[in-house]
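Spelled out from the first residue to the last, the chains are:
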Amino acid sequence: HPIVWLVADGNYARSIRTADPSLANGFGVDLRLEIQFFTWLSLGTYYNFTVFPATGRLVLTGPLGLLGRVFPTGLGKKGDFNPYVMVGGGLNSLVAQNNPQYPDNFHAFGGVGAQYRFGDHWGLDMGVAFNFYVPGASLQTVSGRIGLDYSFNP
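First things first, this report covers the structure right here in the doc. Worth saying up front: this structure is predicted, and the values here are computed from it rather than measured. (Residues numbered from 1 in each chain as written. Predicted model: local features only at pLDDT ≥ 70, side-chain atom pairs only at ≥ 80, totals over all residues. Heavy atoms only, no water.)

Considerations on the pattern of salt bridges
Next, step 1: Summed over all chains, the structure comprises eight salt bridges.
Next, step 2: Here Glu34 makes a salt bridge to Arg69, at a shortest N to O gap of 2.9 Å. A residue pair is termed long-range when its members are at least 10 positions apart, and Glu34 in strand E2 (residues 25-38) and Arg69 in strand E5 (residues 63-70) qualify at 35 residues.
Next, step 3: Given a relative accessible area of 0%, Glu34 falls into the buried group.
Next, step 4: Between Asp125 and Arg69 there is a salt bridge whose closest N-O contact spans 3.6 Å. With Asp125 in strand E8 (residues 122-134) and Arg69 in strand E5, this pair connects stretches of sequence that are 56 residues apart. Per residue, the accessibility class of Asp125 equals that of Arg69, and both read buried. (Salt bridge = Lys/Arg side-chain N within 4 Å of Asp/Glu carboxyl O. Helix = DSSP H or I, 4+ residues; strand = E, 2+ residues; numbered from the N terminus. Buried < 20%, exposed > 50% of the residue type's maximum accessible area, 1.4 Å probe, protein only.)

This is the structure:
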């Protein structure tokens, strides 16, 4: 049977390239819904909402897209530490909220993380990722996240 994952992480994003130097630090939330058909692969969708307090305004990012997560060592049981690699991409849903217009329309990311299983359903999720907004590459960040995941078999 496939496993369904619901993941909610808090995140901190540090800008490494931006058109506006005041966009240094961002804070937000990552939400993911994934289906895992194999012990080593899950596919799903994500939404990330991050606020960058810039000089005199707030800049918002809200990418919505598809992702894949690979568990090189497979998925373990309670008490196991499960490393993974995750990549994804989608659209920035909040471009119109920002003036000037950045970050840009499209979002891509890649990163590594780990999951620690508390029990049969609950776990701790943590990781780091590189985020890239195009066209124009107006914002690039390195982000860290930590939060909880819940899994079940439908």
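Alright, that's what it looks like, and here's the rest.
Comments concerning the side chain of Asn11
Next, step 1: Relative to the helices and strands, Asn11 is located in strand E1 (residues 3-18).
Next, step 2: Its relative accessible area of 8% is what places Asn11 among the buried residues.
Next, step 3: Within the structure, the side chain of Asn11 is placed 3.0 Å from the side chain of Asp30, a separation counted as a polar contact.
Next, step 4: The contact partners of Asn11, leaving out residues within four places of it in the chain, are Gly26, Phe27, Gly28, Val29, Asp30, Asn48, Phe49, Thr50, Gly144 and Arg145. (Polar contact = N/O pair within 3.5 Å; in protein donor to acceptor, adjacent residues only side chain to side chain. Contact = heavy atoms within 4.5 Å.)

Points about the environment of Asp80
Next, step 1: Among the secondary structure elements, Asp80 is positioned in the loop between E5 and strand E6 (81-92).
Next, step 2: Residue class for Asp80 comes out partly exposed when judged on its relative accessible area of 33%.
Next, step 3: In this structure, the C-alpha to C-alpha distance between Asp80 and Arg117, residues 37 residues apart in sequence, is 5.8 Å.
Next, step 4: Setting aside residues no more than four positions away along its own chain, Asp80 makes contact with Gln115, Tyr116 and Arg117.

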